[in-house]
Structures are given as structure tokens and as C-alpha cells.
Amino acid sequence: MNKEPLRFKNGKFKIMLVGDLHESYDMYSDNAANKADDMNALLTKAVEQLNPDLVVYLGDNAGADNEMQMRSVISRILYPVSVKDIPFAVVFGNHDRECAVSLKDQMRLYNEHDNCYMFNADDTLTGYGNYNLLIKSSTSDDDVFNLWFVDSNNLADDQELSYYDWVHEDQIEWYKKTALELKEKNGGEVIPALLFQHIPVPEEYELLREAKVHEKLDSVPGHRKWSDKNHVLKETVEGYLGEGPCTPCVNSGQFAAWKEIGDVIGAFFGHDHMNDFAGYVDGIMLAQSKTAGFRPYTDGCRSGVRLITLDENDLKNINTRMYHFKQFGLKAKSLSPYMENVTDRQDMKLKLAGTVLGAAAALTTAAVAVNKIAKGKK
Ligand SMILES: [Fe+2]
Ligand SMILES: [Fe+2]
């Protein structure tokens, strides 16, 4: 790849994550133009204020019926980033397979933009868009950090086993082989790395615990094999759990491979539009970036981006936080006043509970009053 290498600047490297835009060519139905405007406003403001060195699109990015349409949609989602000539990388999500344009053609369209750093490292691997990007030091040409981009595929062939597919054995072997080659080039030391892919690993459930009875209102049921319980985040986990993580039900050993090689210090996922939590499992950060879009299911003004700031002098320390739409002082064109005000599903549940309790209290008062009147009539 003939691009300027990624490089720390003054000891820092900032990565902005953009999850699940689900942007599409249609601009006429279902408030689509306003939703596209809100997405554009969020990305424009985020890029301007956070000034990232790399933007990563986390999959379920764009849909279209033909190449002409897809080129237009890709240009739309890239515009706030491309106009500032900020490098970007992409992983594909399950829904990126649903459109009429192949992943190979989509990658070619992304690469029509000079600031695209996405490529396919090995045509023989399962999926499309498995690759890594190295980051050089501020002060030398040494590669000091690595970024993995992995295609988490689509739906499982055997739906009895798992709804979602998983990262396959050949992809894990490619990761291990490449990481060990980098280690050898680096004098026998692994290069610390972050990993980006669309569908999270099943180990995310280790960040959750079963909800107690009084927590039911704030809890979510798990996905498929975890659906017998309601979950909340463990106390050590930051952020928000809006839905049961929709991971594969099969554990392919991807997380175990990260532990075995020892380079991955954090992995970042999209796919679950409502989740934006971050916590550690066995010393590896697992973090969600919720949707930055307004087209897919979302919870109003909490659509947002995640920023990761790496420090060249402390490479194993991950500094990350979410920035939600409202925090940028933006006003959404596509949301009703109610969704503009209610900022997440927990608030909605609590408000609903408050309304039900309020209504019950009002009915009781009314019943007592009627009773008194009735008694008075006697
Ligand atoms: Fe999605
Ligand atoms: Fe998805």
C-alpha cells in the first residue's frame, strides 16, 4: 500500500470510531434526509472537535442497489472525514453483505478516496478486509503500535448452532502468523495492538452479571444462549448496556488467541447499536461503540462516536470515551421532541414506570374521592 504511514504526533495518536451508520441511497422515505443530515452533523462536529488521526468505520456502513448508488452513499458517509483528508479504515459488518454490491467492489469504492487505508491482506482468507496497519513513532521510523482489522463475517451456516457467524480458524491463524512475524521483526517483543471488528466476541458476557430483582427495569435479556437471564454491567465496567450483546453463540477461540500471542490490549466492536460500554476481561479491554447514525434502531440523541487516545510513552494504556450527539450541542432534525429529550432506553423505561406509577396513584386518589362522594351521598 503506497500511503503515508500512520504516525504518532507529539506522542499521541487519536482514533475515532464510527459504528453502524446503515446509511442508504434513499433520501425520500421515513424522514431519511433529516436522518442523513443528523449523521453528517455528528461526524462533522466530531471530526472538528476531536481532530482524530484515523477514523474507523465499524461495519454495517452503507447499503445500495447498484454501484452508482453505493459510490454516492460511501461518499456521503466519508465526506466529513475526506474533506479534511483524515485517514480512514473500514471493517465490514453483516448488513454490508445484504446490498447488491459485493464487498470487493465496496472496498474498491472506498479506495477511490485517497485517504482510504483499507485493504485485503490475503485473498484466500474467510471474509473480506482482514488486514493490519502499523503506526510509527513521532520521532523515528520505528513501528511502535499495530492495528488489526478483522471481518467478523455474516450469519452462521448452522442456525441451530449460532445465529451469527464467527471469525474463522483460518483468520485466527493468519492473525497469529502475522503477529509472530511482527514480533520477530521487533527484536522478539510483541508490538502492542488494538483490534477492530464488527461483531463482538462472546467474552463480552464476562463484563455482565445477572440482574437482581430490583434491577430488572434497568437490565436487558441476553442474546440466544444467554437469553434465560437479564443482565446488567458489572460495577467495574464503564458505559451503557442497552441490549444483550449479539455475539456468536460459538466461541471460535479468537479471544484465546489474543491472550496466547499477548499483543492485543483492546478490541473494539460495533453491531449492537445501543451498547457503548468498555471493560477488561483477563487484562484485555473489550469496548462497544454504539451507532453514530440515525437510520438504524437507536435511542435518540445518544448516537455518538468513540475516541481512543494512544500515548507513545505509555503504549499499553488505553484512554477512551464516548461522545454522544447531544454533548456536541447539536439539535437533531430527525428526532421527535420526546426522543430529543429522552436520551436512552433506561430513561425511557424509568419514565414509563414513572408514568404508570403516577397513573396508578391518580387512579387511587380518584377512587378514594369517588368513594367519599358516594359515602357522602348516603
Ligand atoms: Fe448494525
Ligand atoms: Fe451488524
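Please refer to the structure placed before this passage.
As a starting point, this report considers the structure included with it.

Cut-offs and rules
- Residues numbered from 1 in each chain as written.
- Chains lettered and ligands numbered in written order.
- Predicted model: local features only at pLDDT ≥ 70, side-chain atom pairs only at ≥ 80, totals over all residues.
- Heavy atoms only, no water.
- Helix = DSSP H or I, 4+ residues; strand = E, 2+ residues; numbered from the N terminus.
- Buried < 20%, exposed > 50% of the residue type's maximum accessible area, 1.4 Å probe, protein only.
- Polar contact = N/O pair within 3.5 Å; in protein donor to acceptor, adjacent residues only side chain to side chain.
- Contact = heavy atoms within 4.5 Å.
- Arc of directions from axis to C-beta.
- Donors = N, O, S within 2.8 Å, 3.2 Å for Na, K, Ca; no water.
- Tetrahedral: all angles 85-135°; square planar, octahedral: opposite > 155°, others 65-115°.
- Pairing = 2+ DSSP bridges.
- Axes fitted to C-alpha atoms, helices over the stretch in contact; angles between N-to-C directions.
- 1 Å grid on protein atoms, 1.4 Å probe; cavity = no way out; pocket = protein on both sides within 12 Å on 5 of 7 lines; lining within 4 Å.
- Points joined across faces, edges and corners; volume = space filled by probe spheres on them.
- Nonpolar A, V, L, I, M, F, W, Y, C, P; charged D, E, K, R; others polar.

Here Arg-295 is to be found in the loop between strand 15 (284-288) and strand 16 (304-311). Classification of Arg-295 as buried rests on a relative accessible area of 17%. Within the structure, Arg-295 has its side chain in polar contact with the backbone oxygen of Asp-26 (distance 2.9 Å). Residues in contact with Arg-295, not counting those within four places in the same chain, are Leu-21, His-22, Glu-23, Ser-24, Asp-26, Met-27, Ala-32, Lys-35, Ala-36 and Arg-76.

A few words now on helix 5 (residues 254-261). Gln-254, Phe-255, Ala-257, Trp-258 and Ile-261 are the residues of helix 5 that are buried. In a view along the axis of helix 5, the buried residues occupy a sector of 155°, so they form one face of it. The inward-facing, buried residues of helix 5 contact strand 8 (143-150), helix 4 (169-185), strand 9 (193-197), strand 13 (264-269), strand 14 (278-281) and strand 15. Of the residues trailing helix 5, Gly-262 is marked for its positive phi of about 85°.

Octahedral six-donor coordination of a metal ideally yields angles of 90 or 180 degrees, compared with 109.5 degrees for tetrahedral four-donor coordination. Looking at the metal site, the iron ion (ligand 1) is ligated by Asp-20 (OD), His-22 (NE2), Asp-60 (OD) and His-273 (NE2), spaced 2.0 to 2.3 Å from it. For the iron ion (ligand 1), the four donor atoms in the first shell make angles of 90 to 175° at the metal, so the coordination geometry reads as irregular. Positions of the donor residues of the iron ion (ligand 1) along the chain correspond to the pattern D-x1-H-x37-D-x212-H. Taken as a pair, the iron ion (ligand 1) and the iron ion (ligand 2) lie 3.5 Å from each other and share Asp-60 as a ligand. With Asp-20 in the loop between strand 2 (12-18) and strand 3 (23-24) and His-273 in the loop between strand 13 and strand 14, this pair connects stretches of sequence that are 253 residues apart. Side by side, Asp-20 and His-273 carry an identical accessibility label, which is buried.

A word on the sheet that holds strand 7 (residues 131-136). Either a parallel or an antiparallel arrangement is found when strands of a sheet pair, and the pairing is made through backbone hydrogen bonds. The sheet built from seven strands is open, its strands ordered 1-7-8-9-13-15-14 with mixed pairing. Because the sheet does not close on itself, it has two edges, and the strands there are strand 1 (6-7) and strand 14. As paired elements, strand 14 and strand 15 share four bridges and run antiparallel to each other. Looking across to strand 15, one finds that Val-281 is bridged to Ile-284. The strands touched by helix 5 are strand 8, strand 9, strand 13, strand 14 and strand 15; relative to strand 15, the strand with the most contacts, the crossing angle is about 140°.

Okay, the coordination of the iron ion (ligand 2) next. Here the iron ion (ligand 2) is held by Asp-60 (OD), Asn-94 (OD1), His-198 (NE2) and His-271 (ND1), and the distances to it run 2.1 to 2.3 Å. Each donor residue of the iron ion (ligand 2) lies on the same chain, and together they follow the pattern D-x33-N-x103-H-x72-H. Given a relative accessible area of 5%, His-271 falls into the buried group.

Counted according to the given criterion, the structure contains three cavities of 30 Å³ or more. The calculated volume of the largest cavity comes to roughly 80 Å³. What lines the largest cavity is a set of 17 residues, and nearest its centre among them are Val-167, Val-201, Pro-248, Ser-252 and Gln-254. Taken together, the residues of the lining of the largest cavity sort by class into nine nonpolar, six polar and two charged. Around the second largest cavity sit Val-150, Val-167, Gln-171, Ile-172, Trp-174, Tyr-175, Leu-195, Gln-254 and Trp-258, which together line it. Secondary structure elements with two or more residues in the lining of the second largest cavity: helix 4 and helix 5. When residues in the lining of the second largest cavity are grouped by element, the largest group, four residues, is from helix 4.

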